[in-house]
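Residue strings, one per chain:
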Amino acid sequence: MIFQKEEQGMEYLDQDEQMIQKAVISRKRLVPLLVLILPCFLLAILILFMEGGAFPKVFIWLCFLAALAMCVLDQILKEKFDILSVTTKRVFGKTGLLKINSMDSPLNKVNNVVVEENIFGKMLGYGTIRITTSSGEHVFHGVDHPVQLKGVIMSEIQHNKEYDMRKQAEAIADAMKK
């Protein structure tokens, strides 16, 4: 096994295995969050200028800022710690910071790849990828260009099948010669 240290994590690759594509977790996922926050921000401003004591106004602003900071921090941490990669032999990935879910599946064990895009995802080019393997379903949110990544995965699955069939045909031909 060759040990390679990558930007977003560490992957272990076999000698004859190559990295095909590494998915990028998109910052564009923040756009819907910001669209949702704008009306809340306007409501907080409205409440600030309403009559009443100073304590409720400050409390509302602090709650609003804390919620905003937590949402943005959550999205930034997902971008930093979520990984999805495709190699010539397998698909592997990891999601989460405190509760880590990981997958490492050979290409021949991948049953299905589904792409989901909401309206913002379609407009901005990001979405969710669901990879179904023989061991279960693995979900990766906020992936840049998910349709393209699905194409890469499906293409590698096909290449892997063709390679296996060629090796099997060669083995049968060699056995028949003997």
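Keep in mind that this is a model prediction, so the values were computed, not measured.

A. Main features of the nonpolar core. If you look at the biggest cluster of nonpolar residues, it comprises 17 residues, and the most contacted ones within it are Leu 84, Val 91, Ile 131, Val 143, Leu 149 and Ile 153. Among the secondary structure elements, those contributing two or more residues to this core are β4 (83–87), β7 (110–116), β8 (126–133), β9 (136–144) and α4 (146–177). Of all the elements, α4 adds the most residues to this core, at four residues. When neighbours within four sequence positions are excluded, Ile 131 is seen to be in contact with Leu 84, Val 91, Met 103, Val 110, Asn 112, Gly 136, Glu 137, His 138, Phe 140 and Ile 153. In this structure, Leu 33, Ile 37, Trp 61 and Phe 64 belong to the second largest nonpolar core, which totals five residues.

B. Just the environment of Asp 144, in detail. Within the fold, Asp 144 resides in strand β9. The exposure class of Asp 144 is buried, given its relative accessible area of 19%. Along the chain, Asp 144 and Arg 27 lie 117 residues apart, while their C-alpha atoms are 8.8 Å from each other. Not counting chain neighbours up to four residues away, the residues in contact with Asp 144 comprise Val 24, Ser 26, Lys 28, Gly 125 and Tyr 126.

C. Summary view of the pairing of β8. Here β8 lies mainly inside the structure; six of its eight residues are buried. The sheet contact formed by β7 and β8 spans six bridges and is antiparallel. Within β8, the residue paired with Val 114 across the bridge is Arg 130. Where β8 lies against β9, seven bridges are found, and the strand directions are antiparallel.

D. Representation of the sheet that holds strand β3 (residues 19–22) in the model. What the four strands build is an open sheet, ordered β3-β4-β5-β6; its pairing is antiparallel. Edge strands, defined here as strands with exactly one partner in the open sheet, are β3 and β6 (101–106). Ignoring strand direction, the axes of neighbouring strands in this sheet form an average angle of 10°. Sheet analysis places strand β5 (residues 90–95) next to β6, joined by six bridges and oriented antiparallel. Following the sheet pairing, Arg 90 is matched in β6 by Pro 106. Docked against the sheet, α4 engages β3, β4 and β5, running at close to 35° with respect to β4.

So, how was this worked out
Within every chain, residues take consecutive numbers counted from 1 along the sequence as written. At least 70 in pLDDT is required for a residue's local features to be given in this predicted model, at least 80 for side-chain atom pairs to be given and counted, and no such filter applies to totals for whole chains, interfaces and linings, which use all residues. Excluding hydrogens and water, the side-chain figures rest on all heavy atoms present in the structure. What makes a nonpolar core is a set of buried Ala, Val, Leu, Ile, Met, Phe, Trp, Tyr and Cys residues whose side-chain atoms join them at distances within 4.5 Å. For every residue, the accessible area obtained with a 1.4 Å probe (protein chains only) is divided by the maximum for its type, and the residue is called buried under 20%, exposed over 50%, and partly exposed between those limits. A run of H or I in DSSP becomes a helix once it reaches four residues, and a run of E becomes a strand once it reaches two; helices and strands are each numbered from the N terminus. Residues are treated as being in contact if the distance between any of their heavy atoms lies within 4.5 Å. For two strands to pair, DSSP has to find at least two bridges joining them. The angle between two axes is taken between their N-to-C directions and runs from 0 to 180 degrees, where each axis is a line fitted to C-alpha atoms and a helix contributes only its stretch in contact.

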